[in-house]
Amino acid sequence: MPVVVVESPAKAKTINKYLGSEYTVLASYGHVRDLPPKDGSVDTEHDFEMKWEVGHDSRKHVKAIADALKDDNALILATDPDREGEAISWHLEETLRKRKIIKKDTPVSRVVFNAITKDAVTEAMKNPRQVNAPLVEAYLARRALDYLVGFNLSPVLWRKLPGAKSAGRVQSVCLRLIVEREMEIEAFNPREYWSVKAQLATPRGQEFEARLTVLAGKKLDRYDLENETQAELAVQAVTSRDLTIASVEAKPASRNPSAPFMTSTLQQEASRKFGMGARQTMSAAQRLYEAGHITYMRTDGIDMAPEAVMAARDAIKERYGTDYLPKSPRMYKNKAKNAQEAHECIRPTDMARDAASLRISDSDQRKLYDLIWKRTLACQMAAARLERTTVEIASDDRQVGLRATGQVMLFDGFMKIYEEGRDDAAVDEDDKRLPQIMQGEPAQKDSVTPEQHFTQPPPRYTEATLVKKMEELGIGRPSTYASIVTTIQDREYVTKDKGRLIPEDKGRIVTIFLLNFFRRYVGYEFTAELEEELDKVSAGEGDYKALLGRFWRDFSAAIAETSELRITEVLDVLDEALAPTLYPPREDGSDPRSCPLCGTGRLHLKTSKTGGFVGCGNYPECRYTRPIGGEAAEAGDRVLGEDDGDEITLRSGRFGPYVQRGEATEDNKKPPRASLPKGWQADDMDLQKALTLLSLPREIGEHPEGGTISANFGRFGPYVMHKGPDDAKPIYANLKDPNDVFEIGMNRAVEILAEKRANPGRGRSAAAKPLRELGEHPAEGGPVNVMEGRYGPYVKWQKVNATLPKGVDPASVTMEMALELITAKSAKKGKPRKKAAPRRKSA
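Trainee: When you look at the environment of Gly40 in this model, what are you seeing that I'm missing?
Mentor: Here Gly40 lies in the loop between β3 (33-34) and β4 (42-43). Residues Gly40 and Met50 lie 10 residues apart in sequence; the distance between their C-alpha atoms is 8.4 Å. Apart from residues lying up to four places away in sequence, Gly40 is in contact with Lys51 and Tyr147.

Next comes the structure, spelled out in structure tokens:
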């Protein structure tokens, strides 16, 4: 029986079902070897020789494959059909040859299939080949480059910028995109402009809306009405004239469907429609692929196999009728730069089966399959037919002109099942329906109103728009998008707020450092050109060692040059580069670098383990600091007044605004501070409010049973606290309203504390809420849930608790994966424990 090796146990299970008992199907569980994270793993002195190491977790999997080959002298490598899959096959073959498991007479072959279906797997087995050397060389080049950049650049960051965690060949370029977008937003000056809208009516009393397009006989541009005065004059010009319908023009229009999904567009659409991150999307897609529901999910391709096109057309005809079927199939051509990544598009393996008929239990997988199925069918459906109407309204003297637009859907076509999402919702005036309007008839004015507008800064990136931008610039490839976007968040260079990516101070500092000292290596063009060179290697048109040699010659020189710089020199350069952001002009015209507290010190960029901050040069006499935040941070910092000889100040910190009494000195390194409670605005702060905050905790009074009751703000919000004479530890009860901290009386405080004592609520007695509910155990019943535990997330079923493997995202856990973990844990529980060996007596 030949031994077939795939990446995952889920894929092995599906393939085993198709191949039957004539084959032994085993999983490698991903890569079996990698470069150890130490100096010399890529030897730049000896032709970039790479020293591989079998991972600790991979040893048992390699042993299982080796043991199987003792009985079955034939190896079939059936890993994924991309560069990473080819590399896994190569690593496995090399490892087994090194251990002399593969003998001279052992046949080794490589098979690939784009979908895990019986037909695809059977066909692949009939067409074996050898491991693709150029694809492996492209992998080796990428892995060596990533090692050389990460292993040599990261230590430079650690030494020069305390708190920086790492740099990467593509990761740093991706971070640059986010940082530069944030700087664009900060530098943006909104421009005011006005528009005029009129609510008009036909002689039959039907209302419609029109906007002013002509004023004083000239066409109005977007910014022509600059202020309210000009807008009011325009309103008067309209109201003082009678209006007539000058023309009515109806034009047919059509809307064609989008191409089927490839990796980047699937990630973008899942983000727009479901708010799913790139990693979450790829995890769900991986499970769907391994279960045989969709084709391979890492691809740059948008073409469909002819048999898939015909199957889609059959499904459309059966479900929606011939009206929704175009006369000839729609053909989509690949625009991929790298043919090696351009597999078929991502589509269902069976077009006739929708999400409901598959009965997928996992919600992420169900939503994603439904999206893929609808997009695939839509791409082969008839175009939507519309009628767009434009109505021109004018005054008799032609000094004033207005326009009304609308459209009517004549035939929905592909839009019956699918419409592509938008990154930034925009109001489309054409979507409105107009009443019957006749040329030459008068237009009655019901109202004419001016509207004020301001130009908007470019929006922050979402994961979807970031992937789209990376794709446009040629940075990264389908197999790397998700990991890059995830890495910069894991490194705490970027945070995500309401789906938008915001750079942390740490991320800004790292980007500015790299732009000043390693500009070439975070350049968009350089990174894209390097990707193109790597694509040539994978196509067999380039020498990967020559590529590495050219890169290392210049990169090592840049590393050597920067290593000699002192931290103060680096900070001076960064301080100068960030000056427009750190020290924006002040309203009073004073020097933006002068310290707002002591008035004599100069502000300067400093670093700490948590990132960068701005501090006073008079340290330690003046301990003024604020985060990197430019104008916003500067605006909030001010002296509120004086109390008992101490200056009371409002400041901006890493965790938001706070008030402080006095200054930090050598004798008093931590002066009294208090953060502003939720709902309190920095702009509204005065001396009285600050003193109220600094007086906390507030003593409410003596409890009837003894002990003082006090109120304060804590990590989880406002609370009252009491420790009775017999209590081992204090009782805390949350307050709903922050103002209660200052206003709550004795009676209500005693009542709230009594309720807390009677019902501890979310204490040990309260049942923990599952992170995810996977459903009932298919064989034995009972809920299977993913829970948050003291030592990390775990799967719970009845009395079995199985910890999730390191690195597994709780959001990606499926019922199938959970059952495997439960089975493994139950098997361990069933084994009798070994008795401890008796201790030897010391001589």
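Read on, since the account is not over.
Trainee: Would you mind going over the sheet that holds strand β26 (residues 708-714) with me for this structure?
Mentor: Pairing between the strands of a sheet is mediated by backbone hydrogen bonds and can be parallel or antiparallel. Read from one edge to the other, the open sheet built from four strands follows the order β25-β26-β27-β28, with strand pairing classed as antiparallel. Among the strands making up the open sheet, the edge pair consists of β25 (698-702) and β28 (731-734). On average, adjacent strands in this sheet sit at an angle of 25 degrees to one another, irrespective of strand direction. Helix α23 (residues 746-758) rests against β25, β26, β27 (717-722) and β28 of the sheet, and its axis sits at about 110 degrees to β28.

Trainee: What is the right way to look at the pattern of salt bridges in this model?
Mentor: A side chain of one charge can pair with a side chain of the opposite charge if their charged atoms are brought near each other. On inspection of all chains with the given rule, the structure shows 43 salt bridges. Across the pair Arg143 and Asp34 runs a salt bridge whose closest N-O atoms are separated by 2.9 Å. Taken together, the positions of Arg143 in helix α5 (residues 133-160) and Asp34 in strand β3 put the pair 109 residues apart, joining distant regions of the chain. In this structure, Lys496 and Glu463 form a salt bridge, with 3.1 Å as the shortest nitrogen-oxygen distance. Of this pair, Lys496 sits in strand β16 (residues 494-497) while Glu463 sits in helix α13 (residues 463-473), and the two are 33 residues apart along the sequence.

Trainee: How do you make sense of the packing of aromatic side chains when you look at a structure like this?
Mentor: In this description, a pair of aromatic rings is defined by centroid distance and the angle of the planes. Counted under the stated rule, the structure contains 19 aromatic pairs. Between Trp52 and Tyr139 the ring centres are 6.3 Å apart and the planes differ by 20 degrees, which places this aromatic pair in the stacked class. On the criterion of sequence distance, the pair formed by Trp52 in the loop between β5 (49-50) and β6 (53-54) and Tyr139 in helix α5 is long-range, its members being 87 residues apart. By the burial criterion, Trp52 is buried, and Tyr139 matches it. Centroid distance Tyr324 to Phe411: 4.8 Å. Interplanar angle 45 degrees. Geometry classified as tilted. One end of the pair, Tyr324, is in the loop between α10 (306-320) and α11 (355-358); the other, Phe411, is in strand β14 (residues 400-411), with 87 residues separating them in the sequence. In this pair, the class of Tyr324 matches that of Phe411, namely buried. Taken together, the ring pairs connect Phe513, Phe517, Phe518, Tyr521, Phe526, Phe551, Trp552 and Phe555 into an aromatic cluster.

Trainee: Explanation requested: the environment of Pro730 in the structure shown.
Mentor: Within the fold, Pro730 resides in the loop between β27 and β28. As for Pro730 and Ala270, which are separated by 460 residues in sequence, their C-alpha atoms are 47 Å apart. Other than its neighbours up to four places away in sequence, Pro730 contacts Met721, His722 and Lys723.

Trainee: Honestly, the pairing of strand β30 (residues 783-789) in this entry has me stumped. Any pointers?
Mentor: Of the strand pairs in this sheet, strand β29 (residues 772-776) and β30 are connected by four bridges, and their pairing is antiparallel. Bridge pairing links Arg772 to Val786 in β30.

Trainee: Would you mind going over the sheet that holds strand β2 (residues 24-27) with me for this structure?
Mentor: Spatial ordering of the open sheet is given by β2-β1-β7-β8, a layout of four strands whose pairing is parallel. If you trace the sheet from one side to the other, it starts and ends with β2 and β8 (108-110), each paired once. Averaged over neighbouring strand pairs, the angle between their axes works out to 25 degrees when direction is ignored. On top of the sheet, helix α2 (residues 59-71) reaches β1 (3-6), β2 and β7 (75-77); it is set at about 165 degrees to β2, its chief contact.

Trainee: What exactly am I supposed to notice about the nonpolar core here?
Mentor: The nonpolar side chains of a soluble globular protein tend to be buried with one another. Ranked by internal contacts, the top residues of the largest apolar core, which has 97 residues, are Leu75, Leu96, Leu161, Leu466, Phe513, Phe518 and Phe555. Among residues more than four places away in sequence, those in contact with Phe518 are Leu153, Val156, Phe513, Phe555, Ala558, Ile559 and Thr562.

Trainee: When you look at unusual backbone geometry in this model, what are you seeing that I'm missing?
Mentor: Leaving glycine aside, a negative phi is the common case for residues, and trans is the common case for peptide bonds. Residue Pro697 is reached from Leu696 by a cis peptide bond, and omega for that bond is 5 degrees. Positionally, Pro697 belongs in the loop between α21 (687-694) and β25. Phi at Asp47 takes a positive value of approximately 55 degrees, unusual for a residue other than glycine. With respect to the secondary-structure elements, Asp47 resides in the loop between β4 and β5. Its identity is not glycine, yet Glu492 carries a phi of approximately 65 degrees, on the positive side. Along the polypeptide, Glu492 turns up in the loop between α14 (481-490) and β16. In this structure Glu492 comes out as partly exposed when scored by relative accessible area, which is 44%.

Trainee: Mind showing me how you'd approach the pairing of β26 here?
Mentor: Two faces belong to every sheet, and in a regular strand the side chains alternate between them. Bridge count between β25 and β26: four bridges; the pairing is antiparallel. Looking at the pairing, Glu699 lines up with Ser710 of β26. Between the end of β25 and the start of β26, which pair antiparallel, lie five residues, with Gly706 showing a positive phi angle near 100 degrees. In terms of strand pairing, β26 meets β27 through six bridges, oriented antiparallel.

Trainee: Please clarify how helix α4 (residues 118-126) should be interpreted in this entry.
Mentor: Each full turn of the α-helix corresponds to 3.6 residues, which orients residues three or four apart in the same direction. Of all the positions in α4, only Val121, Ala124 and Met125 are classed as buried. Mapping the buried residues of α4 onto a view down its axis gives an arc of 100 degrees, with all of them on the same face. Set apart from the buried face of α4 by more than 90 degrees, the exposed residues are Asp119 and Lys126. Where α4 is buried, its residues meet β1, α1 (9-19) and β7.

Criteria and cut-off values
Residues numbered from 1 in each chain as written. Predicted model: local features only at pLDDT ≥ 70, side-chain atom pairs only at ≥ 80, totals over all residues. Heavy atoms only, no water. Helix = DSSP H or I, 4+ residues; strand = E, 2+ residues; numbered from the N terminus. Contact = heavy atoms within 4.5 Å. Pairing = 2+ DSSP bridges. Axes fitted to C-alpha atoms, helices over the stretch in contact; angles between N-to-C directions. Salt bridge = Lys/Arg side-chain N within 4 Å of Asp/Glu carboxyl O. Phe/Tyr/Trp six-rings, centres within 6.5 Å; stacked < 30°, edge-to-face > 60°. Buried < 20%, exposed > 50% of the residue type's maximum accessible area, 1.4 Å probe, protein only. Core = buried A, V, L, I, M, F, W, Y, C linked by side-chain atoms within 4.5 Å. Arc of directions from axis to C-beta.

Take it as geometry only, folks, not as evidence of what the structure does.
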